[in-house]
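Okay, here's what each chain looks like letter by letter:
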Amino acid sequence: MHRMLSQACGAVFLSIVLAGCVSQAPYGTSEATAKLVTDLSLRESPEIVVPLEWLSAPYGINEPQDTNNGLLVSEASGFRFVTYTDQRYRQVEELSKPELQCGYIWKSEYGAELLHLFTADRLYLLMIREKGQIQIDAAQRFRVIRQLQAQGVPLLTEKDGAFFRKTGETVRLMSKVQGSWVSLPDDELESFKPCEPQAR
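Just so it is clear, the structure is predicted and the values come from calculations on it, not from any experiment. (Residues numbered from 1 in each chain as written. Predicted model: local features only at pLDDT ≥ 70, side-chain atom pairs only at ≥ 80, totals over all residues. Heavy atoms only, no water.)

1. So, the sheet that holds strand β3 (residues 78-85)
- Here we have eight strands laid out as an open sheet, ordered β4-β3-β2-β1-β7-β6-β5-β8, and mixed in their pairing. Of all strands in the sheet, those with a lone pairing partner are β4 (88-96) and β8 (155-156), marking the two edges.
- Bridging between strand β5 (residues 102-104) and β8 involves two bridges; their strand directions are parallel. Bridging across to β8, G103 finds its partner in L155.
- Along the sheet, helix α2 (residues 30-39) makes contact with β1 (49-58), β2 (68-75), β3 and β4, crossing β4 at roughly 70°. (Pairing = 2+ DSSP bridges. Helix = DSSP H or I, 4+ residues; strand = E, 2+ residues; numbered from the N terminus. Contact = heavy atoms within 4.5 Å. Axes fitted to C-alpha atoms, helices over the stretch in contact; angles between N-to-C directions.)

2. Some points on the environment of Y110
- Along the polypeptide, Y110 turns up in the loop between β5 and β6 (115-118).
- Residue classification places Y110 among the exposed positions, given a relative accessible area of 52%.
- When sequence neighbours within four positions are dropped, the list of residues in contact with Y110 reads R141, F142 and R146. (Buried < 20%, exposed > 50% of the residue type's maximum accessible area, 1.4 Å probe, protein only.)

3. Topic: unusual backbone geometry
- Cis peptide bonds are those with omega within 30 degrees of zero, and the linkage from K97 to P98 qualifies with 5°.
- The topology assignment puts P98 in the loop between β4 and β5.
- For S41, which is not a glycine, the phi torsion comes out positive at approximately 55°.
- Locating S41 in the fold gives a position in the loop between α2 and β1.
- Unlike most non-glycine residues, Q87 shows phi in positive territory, near 60°.

4. Examining the state of the cysteines
- This structure, assessed with the given rule, holds one disulfide.
- Two residues, C102 and C195, share a disulfide whose sulfurs are 2.1 Å apart. Residues C102 and C195 share a disulfide whose torsion about the S-S bond is about -80°; that sign makes it left-handed. Of this pair, C102 sits in strand β5 while C195 sits in the segment after β10 (180-191), placing them 93 residues apart in sequence. (Disulfide = S-S within 2.5 Å.)

5. Structural notes on the packing of aromatic side chains
- In total, this model carries 10 aromatic pairs according to the counting rule given.
- Considering the side-chain rings of W54 and F81, the 5.2 Å spacing of their centres and the 50° angle between planes classify their relative orientation as tilted. Taken together, the positions of W54 in strand β1 and F81 in strand β3 put the pair 27 residues apart, joining distant regions of the chain.
- When its relative accessible area of 0% is taken as the criterion, W54 is described as buried.
- Measuring from ring centre to ring centre gives 6.5 Å for Y59 and F118, while their planes differ by 15°; the resulting arrangement is stacked. Here the residue Y59 occupies a position in the loop between β1 and β2, and F118 occupies one in strand β6, the gap between them amounting to 59 residues.
- A relative accessible area of 22% places Y59 in the partly exposed class.
- The structure contains a cluster of three or more aromatic residues connected by ring pairs, namely Y59, Y104, W106, F118, F163 and F164. (Phe/Tyr/Trp six-rings, centres within 6.5 Å; stacked < 30°, edge-to-face > 60°.)

6. Considerations on α2
- Listed in full, the buried residues belonging to α2 are A32, L36, V37 and D39.
- In the segment just after α2, S41 is the residue with positive phi, at about 55°.

7. Re the pattern of salt bridges
- Counted according to the given criterion, the structure contains eight salt bridges.
- Residue E190 is joined to R165 by a salt bridge in which the shortest nitrogen-to-oxygen separation is 3.1 Å. With E190 in strand β10 and R165 in strand β9 (residues 164-177), this residue pair connects regions lying 25 residues apart in the sequence.
- For R165, a relative accessible area of 41% puts it in the partly exposed group.
- One network of salt bridges, in which partners are shared, links K35, D39 and R88. (Salt bridge = Lys/Arg side-chain N within 4 Å of Asp/Glu carboxyl O.)

8. Some thoughts on the pairing of β4
- When β3 meets β4, the two strands line up antiparallel, connected through eight bridges. What sits directly across from T85, in β4, is R88.

Purely geometric numbers; function is a separate question.
Here's what the structure looks like:
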């Protein structure tokens, strides 16, 4: 199951690593936190500020796209997606309940998998890691998941099913066979919102 879901994720978001050449937004110091609070007009220092690469897309068959780079900033009812340009923090998006309907954490809250969030019409893919790093920061990911749980956001795992399904069409994908990349036919996949119970 995990292998199938991982392949599906890669097929739908083929180019999630095509992020622009930007530096990591400052975070983790008292100076950075103070400026973040000022720039975003926050009432108080956020409990969680973690480095993030993310993308969002409508449900269905998605075209490859670049990721955004910045910070994930917690608030009482959700999270803010923040970028850093021209020495200033800027809020790009905000997700909170009831708009934020559920999340998907793959195996469990422990580990270094991607994190997905779902609204009524969009899927968010979160890579909690510093710019230029390959590995997801498991400790920071765990903090974000604990915050989602505290906010009452339902979190699904592989045991609850997938959030991709076959369209009935065939596409050609690049696969590595005996050390060489070849184009092979595969099932076309589309994403959907998994927040409602799926039929077994």
